[in-house]
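Chains, contacts and geometry: an overview
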Number of protein chains: 2
Amino acid sequence: MREVCVIGVGMSKWGEVWRMSLRDLHTQAALNAIEKAGVDHLDSLYVGCMSSGIFVGQEHLASLLTDYMGMPGLPGMRVESACASGGLAFRLAFIEVASGISDMVMASGVEKMTDCSGEEATQALAAAADQENEVFHGATFPGLYAMMAHAHMAKYGTTRDMLSAVAVKNHSNGAKNPDAQYPFEISMDQVAKSVMIADPLHILDCSPITDGAAAVIVTTVDIAKKMGKPYIKVLGSGVGTDTIALAQREDMTTIKAATIAADTAFKMAGKTIKDVNFAELHDCFTIAEIAVSESIGLFEPGQGGPAALAGETALDGSFPINSSGGLKSKGHPVGATGVAQIVEVYKQLTGQAEKGRQIPGSPKIAMTQNMGGSGGSSVVHILEVA
Amino acid sequence: MREVCVIGVGMSKWGEVWRMSLRDLHTQAALNAIEKAGVDHLDSLYVGCMSSGIFVGQEHLASLLTDYMGMPGLPGMRVESACASGGLAFRLAFIEVASGISDMVMASGVEKMTDCSGEEATQALAAAADQENEVFHGATFPGLYAMMAHAHMAKYGTTRDMLSAVAVKNHSNGAKNPDAQYPFEISMDQVAKSVMIADPLHILDCSPITDGAAAVIVTTVDIAKKMGKPYIKVLGSGVGTDTIALAQREDMTTIKAATIAADTAFKMAGKTIKDVNFAELHDCFTIAEIAVSESIGLFEPGQGGPAALAGETALDGSFPINSSGGLKSKGHPVGATGVAQIVEVYKQLTGQAEKGRQIPGSPKIAMTQNMGGSGGSSVVHILEVA
C-alpha cells in the first residue's frame, strides 16, 4: 500500500442556507478544495451523504455532483453510513489511492436538511435507527441518546454540569470558527435552562440541523512532495459497527463501534491514544462526546465527564476535543460532518486554523471519530503532519 | 495490487416477496454466499442499495445488515449509484482486497421495492434522475428511455421488432433460471401488443419492480487456491458517469458512461471486447440493452438492434447477452442487480448454470455492465475463469 495524504480542503457555507441547493453546496466545497490543493485533475470522487433521497428526493449523487463540478465522466461513488457517511467517504478515497488504482481522489460530504419541516427532518434522521424495532415505536435520536445519558449518569455519576461543560467548550471553540453555524459562546446556565428535548437532554445538548458540504483532496505523499503543498499523512483508518438497535447492546454507556474503529486505526498506524495530541469527536449530543472519549481509550469509563468539566478537553487543555466547535456549534449536515473533521485536522496540523483557534504547542498527530445512528457504526482516522 | 477473485455466490428469493423484509432478503443472500464459499470469517461488507430510505424508511444499512448477519462489529459500507449500486459495491470490495487491507470481503446488493404503492415506487426510482430539471417537470424513467428509443429509431432505423427481440430472448433465458421473477417465455406478438407505457415502450419492454438480494465473496487468488474452491478472477474494473439529465447529453442514442467504464475496465484487464465470450448487460428497458451493446464496442452504432433480431445475442449466438434472463425476466431489485450479474457470470464460468441455461463452448471471459438512471453512471467488470 502506498503512503496517502491530504493536500487541500474546502468548505461550503454552513447553516440554514436557503438560497443554495444540495448540488450548489457540494460544488462550492468541491471547487474550494480543488483551488486550495491546486490540482487540475481528479481520478474519482467519493461523496458521503446520508439521506438525500428522503430530504430532497434525490439519489444518484455520483452522477449529479460530478456533472455539476463540470466533470461529467468522472468516476463517482456515493457512500452512506448515516451520520458516519463522510468518514466512510474519506476512508474509501484513502483505500483507492493506497491501492494504486488512483492518484488524485476527492472525498466529500454533503447534506441539505432544511428544505423540509422539522418533523420531516426528524423522520429522515430516524432512518438511521432500526425502522422496525425503534422508529416504528416512536423512538427518535434525542430519545435514544437521552437513554444513554441516563444510563451513564446512573452507572458513573455523570452530572448535568459535565454535559453542559461539553456544550460550553464546543461553542467557545466554534465562536472563533468562521465556518460555524452557531459561532457564539454559551454559558453553563444557558444550557441547563434551555428547552428540554428528551430528559436529561436540553436543546443546547443537541447538535443542530444544517445545510452544508465539505471536501478534501487525497493523493500520495510522493505527489504531494512534488507539488510542494503542505500535507497531512493518513497513518491509520478503521471502521466498526454495532447492533443498530440500542436495546440490543450489552452496555448503553459505551460506543463499541468506536472502540473497534479506533483499535483498527491505531493498529494500522502503529500508534496509541497516548501519541495523539487532539481529536475531532462526534458530539451529536453532549453525552456522545463523553461516551466516545471513553470508548476510544482516552479516558477511563466514567472519567469523560469529569475531564470535560475540568477543562482537560478545552483548546488549551491536555487533549483538546473539537477545536472546530464540533457538531454542536459548527453544525451537523450529517453526510458532510466526517469530512469536515478532516478539514479541521488539516487546518490545525498545518497551522492554518483561524486566529485564536490554533491549538497551542504545534500538535503533530490528530484523530477523527465519526459515528452513525446511536453508535451503530463508526469511522476513525489517525493523521500526522509531515 | 493483489490478484482478486470471487469464490462463492448467493441469492435470496426474488419477486414480490411480501413475507420478507429488506433485512431478511439480505440475510438470506448473504448466508447463502457464505455457505457456498465455505468461509467462516469476513473482514468487511460492501452493500449496494439505491433507496432504502424512500422505499422503507431505513438508511444505515452497514449497521443493520451486519447486525442481522449475526456479525455486529463487522466493518460495513453502503454504496449507492442508483441502479448501478450493486456493481459499485463489487468494485469497492475488489479494491479493498486488491489493496491488501482485507482478505475476505462480501459484496452484496439489496432492494425492497414492493412495500409501497406503484406510484410511490415510481417516485422513489425517479430519485435517480435530475430532481430539479427532470422529475419536477414530470419525467420518469419509462419516459426518458422512450425518448432514447425514439432517437435511436430515428437515427439508425431501429424497429419495434428489434426491441421485442431483446425481451423475447431475455425471457427465453430467464424461463430456465430458477431465481427469475418471471420465468416464462413470451412472443414477439405479446410484446408488441402489451400495454403501452411510454411510446414506443410497452410494458414488456420494461424491467419489473422486484424485492431481492444477491451476495458474492471476494478474496485473493492465493487464498482461493489454498481453499481449493472454484473461482473467477477479476481482470478489470471501471466506472464512468455522465450528465444526470438526459437533455444535457450530446447524443441520446449512446451511453457514454458505459463507454468510459468499459474502456477503463478493458485497459486494466489488458483485453478488448473481442476477448469476451458473453456479457450481462443492464437491460432496464429493451432499448437500454441495444444502446449498451453498441456503447461498449460490441456492435457498431445502430447494429445492436439488428444483431438482437438476428439471434446473435441468444444463448447459442456468437455473443450471448443476459443468459440469466436479464433485468427483464430475472427481475430488477435495483441495488442487487449489479451483484446478481456477478452471480450469473460466476455460475456460467464455473459451469454451474442450471440445466439448459449453460452457455455452450466453455466460455472463459465474461463482462458485466451495470447502469444508473438514464445512463448517468455505469460500472463494468471483466472476469475470467481460472
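Each residue is numbered by its place in its chain's sequence as written, counting from 1. Lettering for chains starts from A, numbering for ligands starts from 1, and both go in the order in which the items are written. Confidence filtering applies because this is a predicted model: local features only for residues at pLDDT of at least 70, side-chain atom pairs given and counted only at 80 or more, and all residues used for totals across whole chains, interfaces and linings. Hydrogens and water molecules were not included; the side-chain quantities draw on all heavy atoms of the structure.

So, the overall build of chain A
- Going along the chain from the N terminus, every DSSP run of H or I of four or more residues is numbered as a helix, and every run of E of two or more is numbered as a strand. Scanning chain A for helices and strands turns up 14 helices and eleven strands.
- In this treatment the radius of gyration is a C-alpha quantity, and the globule benchmark scales as 2.2 Å times the residue count to the 0.38 power. Against the globule reference of 21 Å for 386 residues, chain A gives a C-alpha radius of gyration of 19 Å, in line with a compact fold.
- Its C-alpha atoms put chain A at 55 × 45 × 35 Å along the principal axes.
- Accessibility here uses a 1.4 Å probe with only protein chains present; expressed as a share of the type maximum, an area under 20% marks a residue as buried, one over 50% as exposed, and anything in between as partly exposed. Scored against the burial criterion, the 386 residues of chain A give a buried share of 67%.
- Restricting the contact set of chain A to residue pairs at least 6 apart, pairs at least 24 apart contribute 77%.
- Only the protein chains shown count as cover for residues, and all accessible areas are computed by the Shrake-Rupley method using a 1.4 Å probe. In the form shown here, chain A has an accessible surface area of approximately 12,200 Å², with 53% of it arising from carbon and sulfur atoms. Whether two residues are in contact is decided by their heavy atoms, any of which lying within 4.5 Å being enough.

Describing unusual backbone geometry
- With an omega dihedral of 10 degrees, the bond running from A:Asp199 to A:Pro200 counts as a cis peptide bond.
- Of note in the backbone geometry, A:His60 takes a positive phi value of approximately 65 degrees without being a glycine.
- As for its position among the elements, A:His60 is in the loop between helix 2 (52-56) and helix 3 (61-68).
- Overall, A:His60 belongs to the buried group, its relative accessible area being 0%.
- Here B:Ala82, not a glycine, exhibits a phi torsion of approximately 55 degrees, which is positive.
- Mapped onto the elements, B:Ala82 comes out in the loop between strand 3 (76-80) and helix 4 (85-99).

Some words on the side chain of B:Arg23
- Within the secondary structure layout, B:Arg23 lies in helix 1 (residues 22-37).
- Two N or O atoms form a polar contact when they lie within 3.5 Å of each other; inside protein one atom must be a possible hydrogen donor and the other a possible acceptor, and for residues adjacent in sequence the pair counts only when both atoms belong to side chains. Separated by 2.9 Å, the side chains of B:Arg23 and A:Asp130 make a polar contact.
- Aside from chain neighbours lying at most four places away, what touches B:Arg23 is A:Asp130, A:Gln131, A:Glu132, A:Asn133, B:Gln58, B:Leu64, B:Leu65 and B:Tyr68.

Topic: the side chain of A:Glu280
Residue and element names in this part refer to chain A.
- Along the chain, glutamate 280 turns up in strand 9 (residues 278-280).
- Judged by relative accessible area, which is 1%, glutamate 280 ranks as buried.
- At 3.1 Å, the side chain of glutamate 280 and the backbone nitrogen of serine 323 are in polar contact.
- Of the polar contacts made by the side chain of glutamate 280, one reaches the side chain of serine 324; its length is 2.6 Å.
- With residues near it in sequence (within four places) discarded, glutamate 280 still touches Asn322, Ser323, Ser324, Lys330, Gln341, Glu344, Val345, Met367, Thr368 and Gln369.

Side note on helix 5 (residues 118-126) of chain A
- What helix 5 of chain A keeps buried is the set A:Ala121, A:Ala124, A:Leu125 and A:Ala126.
- In this structure, the buried residues of helix 5 of chain A make contact with helix 2, helix 6 (141-156) and helix 14 (334-349) of chain A.

Description of the relation of the copies chain A and chain B
- When the copies are superposed, the least-squares fit takes in the C-alpha atoms of residues with a pLDDT of at least 70 in both. Superposition of chain A onto chain B requires a rotation of 180 degrees combined with a translation of 0.0 Å along the rotation axis, giving an RMSD of 0.0 Å. On this basis, the relationship between the two copies can be described by a two-fold rotation axis.
- A share of 100% of interface residues in chain A that are also interface residues in chain B marks the association as one of identical surfaces.

As for the interface of chain A and chain B
- Taken together, the contact between chain A and chain B spans 60 residues of the former and 60 residues of the latter.
- Between chain A and chain B, roughly 4,400 Å² of surface is buried when both sides are summed, and carbon and sulfur atoms account for 55% of that area.
- Here, a salt bridge means any Lys or Arg side-chain nitrogen found within 4 Å of an Asp or Glu carboxyl oxygen. In this assembly, chain A and chain B are joined by six salt bridges.
- Linking chain A to chain B there are 38 residue pairs in polar contact (both at pLDDT 80 or more).
- Those elements giving two or more residues to the side of chain A that touches chain B turn out to be helix 2, helix 3, strand 3 (76-80), helix 4 (85-99), strand 8 (232-241) and helix 10 (256-269) of chain A.
- In this count, Pro and Cys sit with the nonpolar residues alongside Ala, Val, Leu, Ile, Met, Phe, Trp and Tyr, while Asp, Glu, Lys and Arg are called charged and the others, Gly among them, polar. By residue class, the composition of the side of chain A that touches chain B is 29 nonpolar, 21 polar and ten charged. Once two parts are put together, the accessible area they lose, assessed with a 1.4 Å probe and summed over both, is termed the buried area.

Things to note about the packing of helix 7 (residues 160-174) of chain B against helix 11 (residues 286-295) of chain B
Residue and element names in this part refer to chain B.
- Simply put, an axis is a line fit to the C-alpha atoms, just over the touching stretch for a helix, and the angle between two N-to-C directions goes from 0 to 180 degrees. At a minimum axis separation of 8 Å, helix 7 and helix 11 run at an interaxial angle of 100 degrees. Relative to helix 11, the element helix 7 is oriented roughly perpendicular. Between helix 7 and helix 11, the residues in contact are Met162, Leu163, Val166, Ala167, Lys169 and Asn170 and Thr286, Ile287, Glu289 and Ile290, respectively.
- Its residues placed into classes, the contact of helix 7 with helix 11 shows six nonpolar, two polar and two charged. Roughly parallel means an angle under 35 degrees; roughly antiparallel, over 145; roughly perpendicular, 65 to 115; everything else is oblique.

Observations regarding the environment of B:Thr210
All names here are of chain B.
- Topologically, threonine 210 is positioned in the loop between strand 6 (201-202) and strand 7 (212-220).
- Judged by relative accessible area, threonine 210 falls into the buried class, the value being 0%.
- Note: C-alpha distance between threonine 210 and phenylalanine 184 (26 residues apart in sequence) is 16 Å.
- In this view, threonine 210 contacts Trp14, Gly15, Glu111, Met113, Gln181, Gly331, His332 and Pro333; residues no more than four positions away in its chain are not counted.

Describing the pattern of salt bridges
- Applying the stated criterion across every chain yields a total of 36 salt bridges over all chains.
- Notably, a salt bridge pairs A:Glu344 with A:Arg357, separated by 2.9 Å at the nearest N-O pair. Here A:Glu344 is found in helix 14, whereas its partner A:Arg357 is found in the loop between helix 14 and strand 10 (365-372), with 13 residues between them in sequence.
- A residue is classified by how much of its surface remains accessible, and A:Arg357, at 0% relative accessible area, is buried.
- Where B:Lys112 meets B:Asp115, a salt bridge forms, and the shortest distance between an N and an O atom there is 3.7 Å.
- Each of the salt bridges in this network shares a partner with another, and the network as a whole consists of A:Asp179, A:Glu344, A:Lys347, A:Glu354 and A:Arg357.

Let's talk about the packing of aromatic side chains
- We call Phe, Tyr and Trp rings a pair once their centres come within 6.5 Å, taking the six-membered ring for Trp, and we label the pair stacked below 30 degrees between planes, edge-to-face above 60, and tilted otherwise. One pass over the full model with this rule turns up four aromatic pairs over all chains.
- Look at B:Tyr182 and B:Phe184: their rings are 5.8 Å apart centre to centre, the planes differ by 50 degrees, and that puts the pair in the tilted class.
- Positioned over the ring face of A:Tyr68 is A:Arg23, at 4.7 Å from the centre of the ring. A ring is scored as having a charge over it whenever the NZ atom of a lysine or the CZ atom of an arginine sits within 6 Å of its centre and within 35 degrees of its normal.

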